[in-house]
Amino acid sequence: MAWDDSASKIWMDGELVNWEDAKIHSLSHVVHYGTSVFEGIRAYHNDNGTCVFRLEEHVQRLFDSAKMYKIDMPYTQEEISEAILETVRVNELDSCYIRPVVFRGYGELGVSPFGCPVNTVIAAWDWGAYLGEEGMEKGVNVGVSSWRKPAPDTLPTMAKCGANYMNSQLAKMEAIEHGYDEAIMLDYLGYVAEGSGENIFIVEDGVLRTPVLSSSILRGITRDSIITLAKDLGYEVVEESLTRERLYFADEVFFTGTAAEVTPIRSVDGKVIGAGKRGPVAEELQKTFFDIAEARKEDKFNWLTYI
């Protein structure tokens with residue numbers, strides 16, 4: 001991530017403040033207990049201007065996550081959407097990554113969050129390919145993590161909560177220490193779940209397959225976009241439980257996510273996948289995704305909100 005913090009503004013509880021002034025108290029509840037919900041959103045620049053990708057769906061998921069954790073949102077969805085657009089606009093950004101986060105602030109310290117205020121922050125900055133530009137073209141090397149996703153009666157994985165990502169951090173750090181670009185995590189039953197911050201697809205004989213929501217995965221908005229695009233292109237898409245060995249035998253494997261966009265996987269646990277590079281299905285989906293975001297194709301799904 002890179003930004004010019006001498007010029008950037010952050011939207012904080014209804015006001016635009018200088019980057020260096022967007023501070024919270026060290027005894028805020030979120031610091032001690034991870035009580036935050038957040039979103040990752042991208043804006044793309046094309047010939048028609050700068051547009052936010054699937055803004056409405058991201059804001060809806062933010063509110064759904066807050067509902068799960070009994071966080072009373074201090075703003076409406078319309079107000080948050082406008083604040084996101086305003087943050088991009090005031091920072092004069094073209095293509096960028098946007099991070100809205102809602103958290104329990106400074107009030108009381110104890111497991112119960114009810115005595116703490118709810119704070120809202122929105123930041124935006126330039127951020128290129130999450131797993132590298134080369135990875136987008138040639139694919140990345142990943143390893144299956146020893147850390148698993150939690151069972152559905154432990155943490156609600158469909159809520160995008162800060163505390164949930166401690167699990168992801170363990171997997172990501174392990175992957176880096178083992179020389180991989182990213183991790184793949186299994187669910188509590190041993191089926192394939194997702195990456196540390198990405199959903200996953202495999203391709204078998206031209207059919208796209210992706211883990212079911214019950215495999216402790218985030219209901220990814222890019223995941224949903226790729227399912228929609230794949231079906232529109234004539235591919236069959238199946239959501240099912242996937243065993244680990246199917247990763248190794250697949251013709252293609254790729255990640256999807258706001259940060260990762262569509263990133264092919266060239267090896268898993270040192271085993272080469274398919275031809276060991278971006279496959280034709282991932283390439284077609286990647287191209288179609290960017291053609292819509294960058295206005296080379298009609299936005300027939302109404303995914304783009306222009307600044």
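Residues numbered from 1 in each chain as written. Predicted model: local features only at pLDDT ≥ 70, side-chain atom pairs only at ≥ 80, totals over all residues. Heavy atoms only, no water.

Caption draft 1: Main features of the overall build of the chain. Broken down by element type, the chain carries eight helices and 17 strands. Against the globule reference of 19 Å for 307 residues, the chain gives a C-alpha radius of gyration of 19 Å, in line with a compact fold. Projected onto its principal axes, the C-alpha coordinates of the chain cover approximately 55 × 45 × 30 Å. When the 307 residues of the chain are sorted by exposure, 54% land in the buried category. Taking contacts inside the chain between residues at least 6 apart in sequence as the whole, the part at least 24 apart equals 69%. (Helix = DSSP H or I, 4+ residues; strand = E, 2+ residues; numbered from the N terminus. Rg over C-alpha atoms; globule rule 2.2 N^0.38 Å. Buried < 20%, exposed > 50% of the residue type's maximum accessible area, 1.4 Å probe, protein only. Contact = heavy atoms within 4.5 Å.)

Caption draft 2: Structural detail: a nonpolar patch on the surface. A cluster of nonpolar side chains, namely Leu27, Tyr33, Tyr106, Leu109 and Val111, defines an oily patch on the protein surface of about 500 Å² accessible area. Relative to the helices and strands, Tyr33 is located in helix α1 (residues 29-33). The partly exposed category is assigned to Tyr33, whose relative accessible area is 37%. (Patch = residues over 30% accessible without salt bridge, like charges linked within 9 Å, V, L, I, M, F, W, Y side chains within 5 Å. Areas by Shrake-Rupley, 256 points an atom, 1.4 Å probe, with all protein chains shown as cover. Salt bridge = Lys/Arg side-chain N within 4 Å of Asp/Glu carboxyl O.)

Caption draft 3: Inspection of the side chain of Asn164 at higher detail. Inspection of the secondary structure assignment puts Asn164 in the loop between β8 (140-144) and α5 (165-177). Among all residues touching Asn164, those that are not within four sequence positions of it are Tyr69, Leu155, Pro156, Thr157 and Ala159.

Caption draft 4: Spatial organisation of the side chain of Asn167. Positionally, Asn167 belongs in helix α5. Overall, Asn167 belongs to the buried group, its relative accessible area being 16%. Among all residues touching Asn167, those that are not within four sequence positions of it are Arg148, Lys149, Pro150 and Met185.

Caption draft 5: Examining the packing of helix α2 (residues 55-68) against helix α3 (residues 77-90) more closely. Two numbers describe how α2 lies on α3: the axes approach to 10 Å, and their chain directions differ by 125°. On the basis of their axis angle, the class for α2 and α3 is oblique. Seen along the crossing, α2 lies across α3 with a hand that is right-handed. Across the interface between the two elements, Leu55, Val59, Gln60, Leu62 and Phe63 from α2 touch Gln77, Ile80, Ser81, Ile84 and Leu85 from α3. (Axes fitted to C-alpha atoms, helices over the stretch in contact; angles between N-to-C directions. Parallel < 35°, antiparallel > 145°, perpendicular 65-115°, else oblique. Left-handed = near helix turned anticlockwise from the far one by under 90°.)

Caption draft 6: Local environment of the pattern of salt bridges. For the structure shown, the criterion picks out 19 salt bridges. Between Arg246 and Glu240 there is a salt bridge; the shortest N-O distance is 3.4 Å. Judged by its relative accessible area of 19%, Glu240 falls in the buried class. Linking Asp291 and Arg296 is a salt bridge whose minimum nitrogen-to-oxygen distance equals 2.7 Å. If you follow the salt bridges from partner to partner, you end up with Glu204, Arg209, Glu240 and Arg246 in one network.

Caption draft 7: Expanded view of the domain arrangement of the chain. Domain assignment breaks the chain into domain 1 (9-126) and domain 2 (133-294). Its C-alpha centre places domain 1 at a distance of 26 Å from the equivalent point of domain 2. Buried area between domain 1 and domain 2, both sides added, is near 1,800 Å², and the carbon and sulfur share of it is 59%. Together, Tyr44, Arg61 and Tyr69 form the three largest contributors to the area buried by domain 1 at its contact with domain 2, with a combined 31%. On the surface where domain 1 and domain 2 come into contact, there are two salt bridges. Linking domain 1 to domain 2 there are 13 residue pairs in polar contact (both at pLDDT 80 or more). Each residue belonging to the side of domain 1 that touches domain 2 can be placed in one class, and the counts come to ten nonpolar, seven polar and six charged. (Domains from an automatic or database assignment. Buried area = accessible area lost by both parts, 1.4 Å probe. Polar contact = N/O pair within 3.5 Å; in protein donor to acceptor, adjacent residues only side chain to side chain. Nonpolar A, V, L, I, M, F, W, Y, C, P; charged D, E, K, R; others polar.)

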